[in-house]
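Single-letter residue listing:
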Amino acid sequence: MSSATYTQATNQGFRHYLTDVSNAARAFAAALFAAQERQFVAQEVAVKPTPDERARMRSHRKLIVMANAYQSMHPSLAAELRNLASRG
C-alpha cells in the first residue's frame with residue numbers, strides 16, 4: 001500500500017511574491033523620479049567668443065582685395081564682395 005501526503009499550501013510564498021513586487025515598484029519609482037530630476041540640472045552654455053577688432057578688420061581687407069581682383073572680370077561679384085565687407 002502506498003501512502004500519499006498532502007500538505008496545505010501556506011501563504012508564505014504569496015507574501016514573498018507581494019514583497020518582491022512592492023520592492024520592485026518602489027525601486028522603479030525611485031529610478032524614474034531620479035531620472036526626471038537630472039533633466040533639470042543646470043548645464044553650462046558655451047558662449048561663442050566675439051571676434052576681436054583686428055580679426056574683423058583683417059577679413060574686411062581680404063574681401064576688399066578679392067573685390068579688386070574680380071573687378072575687371074565680374075563687376076557684379078566685386079560689388080557683392082564690397083557689400084559684404086561693408087556689413088562688418
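Cut-offs and rules
- Residues numbered from 1 in each chain as written.
- Predicted model: local features only at pLDDT ≥ 70, side-chain atom pairs only at ≥ 80, totals over all residues.
- Heavy atoms only, no water.
- Patch = residues over 30% accessible without salt bridge, like charges linked within 9 Å, V, L, I, M, F, W, Y side chains within 5 Å.
- Areas by Shrake-Rupley, 256 points an atom, 1.4 Å probe, with all protein chains shown as cover.
- Salt bridge = Lys/Arg side-chain N within 4 Å of Asp/Glu carboxyl O.
- Helix = DSSP H or I, 4+ residues; strand = E, 2+ residues; numbered from the N terminus.
- Buried < 20%, exposed > 50% of the residue type's maximum accessible area, 1.4 Å probe, protein only.
- Axes fitted to C-alpha atoms, helices over the stretch in contact; angles between N-to-C directions.
- Parallel < 35°, antiparallel > 145°, perpendicular 65-115°, else oblique.
- Contact = heavy atoms within 4.5 Å.
- Nonpolar A, V, L, I, M, F, W, Y, C, P; charged D, E, K, R; others polar.

Caption draft 1: Examining a nonpolar patch on the surface more closely. A cluster of nonpolar side chains, namely Met 66, Tyr 70, Met 73 and Leu 77, defines an oily patch on the protein surface of about 360 Å² accessible area. Along the chain, the position of Met 73 falls in the loop between helix 2 (53-70) and helix 3 (75-87). Taking the relative accessible area as the measure of exposure, Met 73 reaches 53% and is therefore exposed.

Caption draft 2: Region of the structure containing the pattern of salt bridges. Evaluated as defined, the whole model comprises one salt bridge. One salt bridge connects Glu 53 with Arg 56, and the closest N-O pair in it is separated by 2.8 Å. Linking Glu 53 with Arg 56, this pair stays in helix 2, spanning three residues, or about one helical turn. Given the relative accessible area of 46%, Glu 53 is considered partly exposed. The class for Arg 56 is partly exposed, based on a relative accessible area of 35%.

Caption draft 3: Representation of the packing of helix 2 against helix 3 in the model. With their axes 8 Å apart at the nearest point, helix 2 and helix 3 run at an angle of 170° to one another. By the angle class used here, helix 2 and helix 3 are roughly antiparallel. On helix 3, the residues that touch His 60, Leu 63, Ile 64, Met 66, Ala 67, Asn 68 and Tyr 70 of helix 2 are Pro 75, Leu 77, Ala 78, Leu 81, Arg 82, Leu 84 and Ala 85. The residue makeup of the contact of helix 2 with helix 3, split by class, is eleven nonpolar, two polar and one charged.

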